[in-house]
2 protein chains.
Amino acid sequence: MSEIANPDDARELLSELRRSIDNLDAILVHTLAERFKCTQEVGRLKAAFDLPAADPTREAEQVARLRRLAHDAGLDPEFAEKVLAFIIQEVIRHHERIRS
Amino acid sequence: MSEIANPDDARELLSELRRSIDNLDAILVHTLAERFKCTQEVGRLKAAFDLPAADPTREAEQVARLRRLAHDAGLDPEFAEKVLAFIIQEVIRHHERIRS
């Protein structure tokens, strides 16, 4: 970024970065949509075979793995864990709705 | 899922779904890592040119677009908006740390 010397160049670079962010957000939305398709099927399966909605062992493994992946990708593992916790919380709410 | 009649089949399908969820989570982590690289550069740019950390117009556009994308992909738009809000909040915190 050392070559950016004036506000016009800064605004142009900002637009370019925002286009990348928009592309990445589209990936996030579509990946979340696909993930929800999977967890909805997990939810139906758990409800049909009366398995518990939450699974602490599986969740602990997921968190440990995601923290490793985040660390290797240069992403703050705390942040990755918080986002996953938020998603899992929402998934459990969905599962409880299916069950009830 | 109508063909799943016994607990063994259910467990096998559950493992398969969990492998897909793990793959999708790896996509999420790597996409978030790339998104953070972009927003960190936006943060440096905003700090260097003294632009405000938050940008309500841009954020409103992002939310509207993501809700459309979520709806088209069969994902609950409320959920997509909550996840994005969580990510943006974290990004603003990062920007404020860079500035201070």
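Look a little higher up for the structure.
Residues numbered from 1 in each chain as written. Chains lettered and ligands numbered in written order. Predicted model: local features only at pLDDT ≥ 70, side-chain atom pairs only at ≥ 80, totals over all residues. Heavy atoms only, no water.

**Description of the pattern of salt bridges**
- Per the stated rule, a full pass over the model turns up 18 salt bridges over all chains.
- With its nearest N and O atoms 3.0 Å apart, the salt bridge here joins A:R67 to A:E78. One end of the pair, A:R67, is in helix α2 (residues 56-73); the other, A:E78, is in helix α3 (residues 77-99), with eleven residues separating them in the sequence.
- Overall, A:R67 belongs to the partly exposed group, its relative accessible area being 27%.
- One salt bridge connects A:E90 with B:K82, and the closest N-O pair in it is separated by 3.4 Å. One end of the pair, A:E90, is in helix α3; the other, B:K82, is in helix α3 (residues 77-99), on a second chain.
- For A:E90, a relative accessible area of 6% puts it in the buried group.
- Beyond isolated ion pairs, a larger network of salt bridges with shared partners links A:R67, A:E78 and A:E81. (Salt bridge = Lys/Arg side-chain N within 4 Å of Asp/Glu carboxyl O. Helix = DSSP H or I, 4+ residues; strand = E, 2+ residues; numbered from the N terminus. Buried < 20%, exposed > 50% of the residue type's maximum accessible area, 1.4 Å probe, protein only.)

**Re the relation of the copies chain B and chain A**
- With an axial shift of 0.0 Å and an RMSD of 0.0 Å, the rotation relating chain B to chain A amounts to 180 degrees. Taken together, the rotation and translation describe the operation of a two-fold axis. Taking C-alpha positions as reference, the residue of chain B nearest the rotation axis is B:L28, located at 3.1 Å.
- Of the residues that chain B buries at the interface, 100% are likewise interface residues in chain A, meaning the two copies contact each other through the same surface. (Least-squares fit on C-alpha atoms with pLDDT ≥ 70 in both. Contact = heavy atoms within 4.5 Å.)

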